[in-house]
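Working through the structure, step by step
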Amino acid sequence: MSAFEAFCASRARGAAGLYVLGDLFDLWIGDDQLREPLAGRVASALRDVAASGVPVGIVVGNRDFLLGRRFAAAAGATLLPEQIVVDLAGTPTLLMHGDLLCTSDTGYQRFRAIAHDPRWQRGFLALPYALRHGIARWLRRKSTTTTAAKPEAILDVEPQAVEAAFRAAEVSRMIHGHTHRPAHHHLVVDGRACERWVLADWYDRGSYLECDADGLRARDLPAAA
């Protein structure tokens, strides 16, 4: 948490825009989670970035897909569509969380379709906070066990899904997270040179992608931040 707050208080404030591509939280059970100290600190740090004049955009992830308008307002942020093309220093770039690219993981995709159904979400959010918390923690444990038993190839993106995303968006650059496999991939789609950047997680240390007219660069935060 200290690394995130330090990033928001320094480097983020020099940007033209800040984009969070999902899984800002390991678990989000509704915007009333803002009552918890950690959630409040995250929202406050982002709100300070926005107050400094830097637009903050958030794409929800597979763990915090229930982030809603109340959180966005508290963070001074805008909730973005699950896929969006933005101009980054003159280059149209597709931003997304990345879970939609993992089409070989059919079990997860079935769960995702259910969990993103507005009717399911309304029913879940109507439950008492403590019950939601218990259900979410159970689902998280189950997911961890199930994921550990799956072949590595299933957990990564499907090349055909990546190519389809490039075609649909009509761009040559994509940035996503989700897979926890930070990398810079080069590929050719329909004769067009494309690049795919994969974000790292923040479990061991913080990192981010910096973009300007010279391109994209991965930056690590100091270990003591």
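Description of the structure in this document.

About the cut-offs
- Residues numbered from 1 in each chain as written.
- Predicted model: local features only at pLDDT ≥ 70, side-chain atom pairs only at ≥ 80, totals over all residues.
- Heavy atoms only, no water.
- Axes fitted to C-alpha atoms, helices over the stretch in contact; angles between N-to-C directions.
- Helix = DSSP H or I, 4+ residues; strand = E, 2+ residues; numbered from the N terminus.
- Parallel < 35°, antiparallel > 145°, perpendicular 65-115°, else oblique.
- Left-handed = near helix turned anticlockwise from the far one by under 90°.
- Contact = heavy atoms within 4.5 Å.
- Nonpolar A, V, L, I, M, F, W, Y, C, P; charged D, E, K, R; others polar.
- Buried < 20%, exposed > 50% of the residue type's maximum accessible area, 1.4 Å probe, protein only.
- Salt bridge = Lys/Arg side-chain N within 4 Å of Asp/Glu carboxyl O.
- Phe/Tyr/Trp six-rings, centres within 6.5 Å; stacked < 30°, edge-to-face > 60°.
- Lys NZ or Arg CZ within 6 Å of the ring centre and 35° of its normal.

**What about the packing of helix H1 (residues 2-9) against helix H2 (residues 37-51)?**
The relative placement of two packed helices comes down to the angle between their axes together with the axis-to-axis distance. Packing of H1 against H2 leaves a shortest axis separation of 8 Å and a crossing angle of 15°. In terms of axis orientation, H1 runs roughly parallel to H2. Judged by the sense of rotation from one axis to the other, the crossing of H1 with H2 is left-handed. Facing Phe-4, Glu-5 and Cys-8 of H1, the residues of H2 in contact are Arg-41, Val-42, Ala-45, Leu-46 and Val-49. Partitioned by chemical class, the residues of the contact of H1 with H2 number six nonpolar, no polar and two charged.

**Looking at the side chain of Ser-207**
Position of Ser-207 relative to the elements: it lies in strand E9 (residues 207-212). Here Ser-207 falls in the buried class, since its relative accessible area comes to 14%. Residue contacts for Ser-207: discarding those within four places in its chain leaves Ala-200, Asp-201, Trp-202, Arg-219, Asp-220 and Leu-221.

**With respect to the pattern of salt bridges**
Per the counting criterion, the structure on display carries 14 salt bridges. A salt bridge links Arg-181 to Asp-156; its shortest N-O distance comes to 3.9 Å. Placement of the pair is Arg-181 in the loop between strand E6 (173-176) and strand E7 (183-189) and Asp-156 in the loop between helix H7 (152-155) and helix H8 (159-169), with a sequence separation of 25 residues. Residue Asp-156 is classed as partly exposed on the basis of its relative accessible area, which comes to 24%.

**A few points about the packing of aromatic side chains**
Summed over all chains, the structure comprises eight aromatic pairs. Both rings, one in Phe-7 and one in Tyr-208, keep their centres 5.0 Å apart while their planes meet at 45°; by these two values the pair is tilted. Taken together, the positions of Phe-7 in helix H1 and Tyr-208 in strand E9 put the pair 201 residues apart, joining distant regions of the chain. Residue Phe-7 is classed as buried on the basis of its relative accessible area, which comes to 8%. Among the aromatic residues, those joined into a cluster by ring pairs are Phe-4, Phe-7, Trp-202 and Tyr-208. A cation over an aromatic ring shows up here: Arg-35 above the ring of Tyr-129, its NZ or CZ 4.2 Å from the ring centre.

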